[in-house]
Amino acid sequence: MTLGFYPGCSLKGSSREYAESVLAVVKAFNIQIQEIDDWNCCGATAAHSLNKELSLALPARVLSLAEKQGLKEIVVPCAACYARLSMTQHELLKNPELKTRIAEINNLEYNGTVSILNVIQMLDRYVTPNLESRVVKPFGHKVACYYGCYLVRPHEILNFDRVEEPLSMDTLMAKTGATPIDWAFKTECCGASLSISRTSSVGRLSGKIVGDASDRGAEAIIVACPMCQSNLDMRRKEINSYLGKRIDIPVLYITQAIGLAIGLDRKALGLQRHFVKVKV
Amino acid sequence: MAKIGVFICHCGENISATVDCAKVAEVVGKYDGVAISLDYKYMCSDPGQNLIKKAIVEKGLTGVVVASCSPRMHEPTFRKACAEAGLNPYMCEMANLREHCSWVHEKGEATTQKAIDLVRTIVEKVKHNQSLDAIKVPVTKTALVIGGGIAGIQASLDIANSGHKVILIEKDPSIGGHMSQLSETFPTLDCSQCILTPRMVEVAQHPNITLYTYAELESIDGFIGNFKVKIRKKAKSIDEKICTGCGLCTTKCPNKKNPSEFNEGLGNRTAIYVPFPQAVPNKPVIDKALCTYYTKGKCKICEKFCPAHAIRFDQEDEIIEVPVGAIVLATGFAVKKTDFFPEYGYGRHPDIITGLQFERLASASGPTLGEIRRPSDGKIPETIVFVACAGSRDEAKGIPYCSKICCMYTAKHAMLYQHKVHGGKSYVFYMDIRAGGKMYDEFVRRAIEEDGVNYIRGRVSRVYEKNGKLIVKGADTLLGAMPVEIEADMVVLATAGVANEGAEELAQKLHVSYDPYHFFAEAHPKLKPVETNTAGIFLAGACQAPRDIPESVAMASGAAAKVAGLFSQDELTREPLIAVVNRQAPPVFSSCVGCFLCMSACPYHAIEKEEIKNRQGEVLKTVAKVNPGLCQGCGTCVAFCRTKSIDIQGYTHEEVYSEVMALLND
């Protein structure tokens, strides 16, 4: 079976290394993957704060295309895209009238047959069973797994992991030889898109996250969301100035950490693209 | 030939303002079988009733129709009047002209016509009515009370004091329940043990009460007045008759490090133990799951030291069967543990405790002898945070209801802390303060205004440990949701009150309804708060919903009054409006074919199998039979019966059919 791939905007731009590492790991485990042809923006926060129909039509178009291209399962690495696509599927399947209306707007049939996976679910399904035997360079570091807000919420719809204190990434990382730490900021807000409009807030919010991870001895922060990664990594200058000290803990995508553990090339995983040097 | 009397009531102007009562009487008077038809201003009044009685005697009526208000209102009145005049009361029926006609329609021809139609249907029904006799069932005047907390204790004492026998069973080694764990009680701050222990002793000494501790309900059979219950007396591994309660065994037992249930895990107990010093009975039991002899095969130190030679390692559970007439359920509640809260660390931090644990810390009989010391290192907390609504009123946690007692005990806890730790800082995070009750709000105000407790309106999103402190993150919603962070030494969660584990199983055993949260359901939320929908089984205390002590006691006394009322009669009289499976002459015996669909449909388990035998004792046919003590006359079986072999007395197929036909054959 071929797995569909919906990169969304981040993975084609500021978070290219996320796409690179997802594809590298997927390839290493011989999984067939195919990018959805002619995909569009998921609508992100902008669409659903302005227009409900638009916020449903955009993700629905992506899902319709996936259906049309014969895909049964798609992986959506960006946490925000994943939430938007999942919410749309949930709303449309619940409300047949709305489903018809959206299909009309898109001029594309929509049946809701595609199953949507985030990166953790995809890894759990296709990588975890063989992961331990493939580890050649155990990721022997203390890691703080940071889930952010979008990956596990809203719980009623995503029904993925424990909502207040998720564990799925910790379990996965332990299989690569890492030691996940017990910490209090797993699902705190990183500041999200305030990164651009109010960078100081991101410095404060992300600062608390990085600060707690550092205080508890983490050597790397592991994420599965491009927004989280860019705030914790790219805004490190503001974070450090908020904390009043220099913290050098790198922020890795979980696929990058797995890639390192199974011995993939650092460049293939895009590690050179980070702002905080990855020295693990 | 039927001779029906029809009596049309004006109900003052309630009916006559829109219905032409005289015309109704006139039209109906011309129907077949109607011997007399008249209208009167107030049929329920004495002169009105006398009209009916007189007509019964003078005209020799075979049936009566009173066309007035709802039968819910006055059916008993008119049936009683008929009985006094010598007519079987079930030959009297009511047509509801008030709620079903005059109150809901404008004055007019059509309204009067509808009134005529309503009366006519009931006239046709009464023609097919049969005389019925009230059902009598004997009563065993012994009550079973399940649960020895304050509710069970109060119910037992009240029933016993009314002169009836009580069997009180308690699953733990001592009675006392949660109330015995409490330090002081709101809103008076009197010591919980001081007011409870005299009652516990009274229970033990009361000549009418038989107390079985360490005992549980095994099974139940029968119906109101005639239950048969089996009680499992768990093996205590001591001979209670010989044991003097000296307590030497508990001091000698080498197996000492077991978390004490009474101290909510904050202290330890031995494997042979008395839960607390004032326990009733004050005799130890051996916890078989923990005892070294039972788990590893050797020890028996208690046996060696027991001066009375009362230890019995070979004792086994005993099951006794007793007949009882009524049951009071007083099984109480439980509180959620701290491991229920991921955002508060899943119970991993020892200094995040429940309200019940705080009670033990504050209690003079507790592990710290009443000093507020945190469990991790025994230090006195300088800053303490109380979180109200921990789990309650939180749909995400699956508990949307209010646990009711937390606002009050949290205020009490903060107050006790301030009284005991001078200079300490206390904070209470709350959603609303629900302090409805006599002297309750005054109590909370006292905590805030006199004892200086800081109340912050907002919820706590997370508690985590950092550098030896507990960081409590929340929001102050009265300051525009301003984020609040408090560095605390101890956090007390007012965790949700929930039904006991096993409540659902017990409810199913007793055929008592329960709500989605496994609290037992009362028969009516306002007017039958202590009854269940199973006759003869009553509720007291927090097994029905979270309740404080005064409410539990009031409910218990209410349930006891119901039991005493039940026991005031030698026989119970019940309305005969129940299902019956028909019986016919041999060789058919009954049109019932024995499919027993009715049995699976009956919500009251009132249907039994009856074997019809010939003189040689051979079974000829197995048919359904309704137990008149259990049947509530709901009619579900009638709808299920494929051969129309079941009828509800008073609402038979024939009677209902004649009503319908009266409408159709205008």
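Residues numbered from 1 in each chain as written. Chains lettered and ligands numbered in written order. Predicted model: local features only at pLDDT ≥ 70, side-chain atom pairs only at ≥ 80, totals over all residues.

Caption draft 1: Inspection of helix α2 (residues 16–28) of chain A at higher detail. All names here are of chain A. With 13 residues, α2 should reach 18 Å at 1.5 Å per residue; the first-to-last C-alpha distance of 18 Å fits that figure. Those residues of α2 lying buried are Glu 17, Tyr 18, Ala 19, Glu 20, Ser 21, Val 22, Ala 24, Val 25 and Val 26. Looking at the buried residues of α2, the elements they touch are α1 (8–12), β2 (32–35), α7 (119–126), α13 (226–234), β8 (251–253) and α15 (254–261). The positive-phi residue at the C-terminal boundary of α2 is Asn 30, with phi of around 55°. (Helix = DSSP H or I, 4+ residues; strand = E, 2+ residues; numbered from the N terminus. Expected span 1.5 Å × (residues − 1). Buried ≥ 20, exposed ≤ 12 C-beta atoms within 10 Å, placed from the backbone. Contact = placed C-beta atoms within 7 Å.)

Caption draft 2: Looking closely at the domain arrangement of chain A. All names here are of chain A. Domains assigned within chain A are domain 1 (2–119) and domain 2 (136–273). Here domain 1 and domain 2 have C-alpha centroids that lie 24 Å from each other. Tallying the contact residues gives 23 residues for domain 1 and 24 residues for domain 2. Contributions of two or more residues to the side of domain 1 that touches domain 2 are made by α1, α2 and α5 (79–94). When residues in the side of domain 1 that touches domain 2 are grouped by element, the largest group, 9 residues, is from α2. Looking at the side of domain 1 that touches domain 2, its residues break down into 12 nonpolar, 8 polar and 3 charged. (Domains from an automatic or database assignment. Nonpolar A, V, L, I, M, F, W, Y, C, P; charged D, E, K, R; others polar.)

Caption draft 3: Main features of the environment of Asn 500 of chain B. Residues and elements named next belong to chain B. Within the secondary structure, Asn 500 sits in the loop between β28 (497–499) and α14 (503–510). Residues Asn 500 and Glu 654, 154 residues apart in the sequence, show an inter-C-alpha distance of 48 Å. Sequence-distant contacts of Asn 500, that is, excluding residues within four places in its chain, are made with Thr 331, Gly 332, Phe 333 and Ala 334.

Caption draft 4: Summary view of the confidence of the model for chain B. Taken as a whole, chain B shows an average pLDDT of 95; of its residues, 100% reach a score of 70 or greater. Scored by ipTM, the complex comes to 0.79, with pTM at 0.79. (pLDDT = per-residue confidence, 0-100.)

Caption draft 5: Structural detail: the interface of chain A and chain B. Listed by partner, the interface residues are 4 residues for chain A and 5 residues for chain B. When its residues are assigned to classes, the side of chain A that touches chain B shows 1 nonpolar, no polar and 3 charged.

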